[in-house]
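# Residue-level structure breakdown
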Amino acid sequence: MQKKHNKPRPYGRHLPDRYGYFGEFGGKFVPETLMHALEELEVELNRALRDKKFLSQFDYYLQEYAGRPTPLYFAGRLTEKLGGARIYLKREDLAHTGAHKINNTLGQALLAKKMKKARLIAETGAGQHGVATATVAAMFGFTCDIYMGTEDIKRQALNVYRMKLLGARVIPVDSGSRTLKDATNEAIRDWVTNVRNTHYVLGSVVGPHPYPFMVREFQSVIGKEAKSQILKSEKRLPDFLIACVGGGSNSIGLFHPFFKDKKVKFVGVEAAGRGLHSNKHAATLIEGEIGVLHGSKSYLLQNKNGQVNIAHSISAGLDYPGVGPEHSYYKKIKRARYLAVTDRDALRGFRLLSEYEGIIPALEPAHAIYYVSKLAPKLKKNKIIILCLSGRGDKDIDIVREHIKL
Ligand SMILES: *Cc1c(COP(=O)(O)O)cnc(C)c1O
């Protein structure tokens, strides 16, 4: 029987529709040569997400290898200091390799194994996604090439060395702004050429369909755990979920399982860099316009001629001119609110958590911590905030040392 093609249907857990759209955002804007690879991936993914064996394997590695579930920690001293809402931290910093990225790379590596690919490639900015990909490549026995801008290679020497220790090759990208955007271009180019034996492990909820959907499904473990943990400790849902937004994967991972819980407010925190009027920021949802980047339609930072602007943030992980299409949709339907925090205030958030909780955060979630420090005092003491602590701060110590003299 012929099926009509003009009525896209949701996958089940609402969006994206089967063409990969979240409202008007998303889709598959790629060269013909990649269409087949994306379709193959989509078929395999949809099969895997319904396959009990795949899901229990994924669970197994999340638990036994990545150390899940991560704790939902009540930040008592921070709560007391701020004097308002009760603050909980979802401790993704305690996952193996030090950030939430491992959730996604484990899922994609298992899928690549199912597809009988021998090689993984990835792009990386701060190096966290590169490290997480190199890690699963070592554990499952894939060869692994990581694309990284030469500017980022300079800024993140520690992670470059970690990737090499894990047996990956780090391929320097010297074009454009020499950062994440350019590394992504090169990784896509590699995939076009080597698609038969290679799986491209994208690191966030960006790129062409089915990537934003796939990465969300793999990262949703964050929100699913947080939901059952808060129901256990507080016997109710939280009032606010707050997370930093680079490409948007740790935030979507936390938000998505609460999508239908209308009373739970979502706040995404972007990087305002040196200030929103400085042109040196990464506040894509706040200051960007709708366009196409890396295969999908979403908000992005671009100039009047449609050229993609260079993003800036003190945290390499937020330093990206695009954002996942599902966030653009949440913004449009007002399901989430987005705001931005500067480099300077992120450093304040960084110190606050270090000094009041004994947890040195990554610079990315430090943006969200600063916002929480402004929000919590305005709320009643019976309100509950869950903040996604997406990663730990070891990788950022050299950068922080340049700014904070002790
Ligand atoms: C990569 C990274 C981010 C930004 O990526 P999202 O896809 O927006 O989550 C945030 N925090 C940490 C610690 C990261 O490594």
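Basis of the calculations
- Residues numbered from 1 in each chain as written.
- Predicted model: local features only at pLDDT ≥ 70, side-chain atom pairs only at ≥ 80, totals over all residues.
- Heavy atoms only, no water.
- Helix = DSSP H or I, 4+ residues; strand = E, 2+ residues; numbered from the N terminus.
- Rg over C-alpha atoms; globule rule 2.2 N^0.38 Å.
- Buried < 20%, exposed > 50% of the residue type's maximum accessible area, 1.4 Å probe, protein only.
- Contact = heavy atoms within 4.5 Å.
- Areas by Shrake-Rupley, 256 points an atom, 1.4 Å probe, with all protein chains shown as cover.
- Lys, Arg positive; Asp, Glu negative; His and termini not counted.
- Charge placed at Lys NZ, Arg CZ, Asp CG, Glu CD.
- Pairing = 2+ DSSP bridges.
- Axes fitted to C-alpha atoms, helices over the stretch in contact; angles between N-to-C directions.
- pLDDT = per-residue confidence, 0-100.
- Salt bridge = Lys/Arg side-chain N within 4 Å of Asp/Glu carboxyl O.
- Near = heavy atom within 4 Å.
- Polar contact = N/O pair within 3.5 Å; in protein donor to acceptor, adjacent residues only side chain to side chain.
- Nonpolar A, V, L, I, M, F, W, Y, C, P; charged D, E, K, R; others polar.

### Section: the overall build of the protein chain
A count of helical and extended segments in the protein chain gives 16 helices and 14 strands. For the protein chain, the C-alpha radius of gyration of 20 Å lies close to 22 Å, the compact-globule estimate for 406 residues. Here the C-alpha coordinates of the protein chain stretch approximately 60 × 50 × 45 Å along the principal axes. Considering the protein chain as a whole, with its 406 residues, one finds that 62% of them fall into the buried category. Long-range pairs, those at least 24 residues apart, make up 72% of the contacts in the protein chain with a sequence separation of at least 6. Carbon and sulfur atoms make up 51% of the accessible area of the protein chain, which totals about 17400 Å². Looking at the protein chain, you have 63 positive and 40 negative side-chain charges, and the mean spots of the two groups are 6 Å apart.

### Overview of the sheet that holds strand 5 (residues 119-124)
The 4 strands lie next to each other as 7-6-5-8, forming an open sheet whose pairing is parallel. What marks the edges here is a single partner per strand, and that holds for strand 7 (169-173) and strand 8 (198-200). Each strand of the sheet is rotated relative to its neighbour by a mean of 25 degrees, with strand direction disregarded. Inspection of the sheet shows strand 6 (residues 143-149) paired to strand 7 by 5 bridges, in the parallel sense. In the strand pairing of strand 7, Ile146 is matched with Val170. The strands that helix 8 (residues 180-194) touches are strand 5, strand 6, strand 7 and strand 8; relative to strand 5, the one it contacts most, it runs at about 160 degrees.

### With respect to the confidence of the model for the protein chain
Low pLDDT marks regions whose predicted coordinates should not be analysed in detail. Per-chain confidence: the protein chain averages 94 in pLDDT, with 97% of residues scoring 70 or above. Segment residues 1-12 is flagged for pLDDT under 50; beyond a separation of four residues in sequence, or across chains, it makes 19 contacts in the model.

### Focus: unusual backbone geometry
Cis geometry marks the peptide bond from Arg68 to Pro69; its omega dihedral reads 0 degrees. Tracing the backbone through its elements, the reader meets Pro69 in the loop between helix 2 (52-64) and strand 3 (72-74). The amide bond that connects His209 to the next residue, Pro210, takes the cis arrangement and shows omega of 10 degrees. Among the secondary structure elements, Pro210 is positioned in the loop between strand 8 and helix 9 (211-219). If you check the backbone angles, His294 has positive phi at about 45 degrees while not being a glycine.

### Focus on the pattern of salt bridges
Counting across every chain of the model gives 30 salt bridges. The salt bridge involving Asp398 is made with Arg401; its shortest N-O contact spans 2.7 Å. Placement of both Asp398 and Arg401 in helix 16 (residues 397-403) is noted, with a separation of 3 residues, approximately one turn of the helix. Of the two residues, Asp398 and Arg401, both sit in the exposed class.

### So, the site of the ligand
In the vicinity of the ligand there are 16 residues, among which Lys101, Ser204, Gly248, Ser249 and Ser390 approach most closely. Between the ligand and Ser204, the relevant distance is 2.6 Å, taken from an oxygen atom to a side-chain nitrogen or oxygen of the residue. One of the backbone nitrogen or oxygen atoms of Gly246 is found 2.8 Å away from an oxygen atom of the ligand. Protein chains bury 96% of the 380 Å² of accessible surface belonging to the ligand in isolation. The class makeup of the residues in the shell around the ligand is 3 nonpolar, 11 polar and 2 charged.

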